[in-house]
Amino acid sequence: MKVSAKSSALSAVGWLEKDEVLTVLAVSVTPFEGVKLLLWSSLQESVSLFPGADFDVVDKCLSRRWVFSLDSQRFVYLAPDAWQIDGFWERYHDGDPVAEQVFMKEMAFILSE
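Residues numbered from 1 in each chain as written. Predicted model: local features only at pLDDT ≥ 70, side-chain atom pairs only at ≥ 80, totals over all residues. Heavy atoms only, no water.

Colleague: Go over the pairing of strand β7 (residues 66–70), please, and point to the residues and values.
Modeller: Pairing of β7 with strand β8 (residues 76–80), which is carried by 5 bridges, proceeds in the antiparallel orientation. Across the sheet, residue Ser69 finds its bridge partner in β8, namely Tyr77. Linking β7 to β8, which pair antiparallel, is a turn of 5 residues; within it Arg74 sits at a positive phi near 65°. (Pairing = 2+ DSSP bridges. Helix = DSSP H or I, 4+ residues; strand = E, 2+ residues; numbered from the N terminus.)

This is the structure we're talking about:
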């Protein structure tokens, strides 16, 4: 799945290049926050969640790496299975080298599709 930030997308300022086409790494949907897209920012050399409403879909093809999950609070997540393991994102953001390696490996798979 590929997206491009709308010209009015304030969430993209300082994070994404203008008119850049980005590969969506994961999608989350919650009843209160709506759709969020996980994108890699080459400007920040980091991954972040962005409001789905700030983007136009350029390519609707979903990643073959994504698996679907739905929890008891109606939280929907489409992402690699390895990223859905309890505590993964906490370990990744804490700088755990194994979690960083898992993230980079899965991101490379998604970007190569």
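Now that the structure has been shown, the text picks up again.
Colleague: Lay out the sheet that holds strand β4 (residues 34–41) in plain terms, naming residues and giving numbers.
Modeller: One open sheet holds the 5 strands; their spatial order is β5-β4-β3-β8-β7, and the pairing between them is antiparallel. Because the sheet does not close on itself, it has two edges, and the strands there are β5 (46–51) and β7. Across this sheet, the average inter-strand angle for adjacent strands is 25°, counted without regard to direction. Note that β4 and β5 share 6 bridges and pair antiparallel. (Axes fitted to C-alpha atoms, helices over the stretch in contact; angles between N-to-C directions.)

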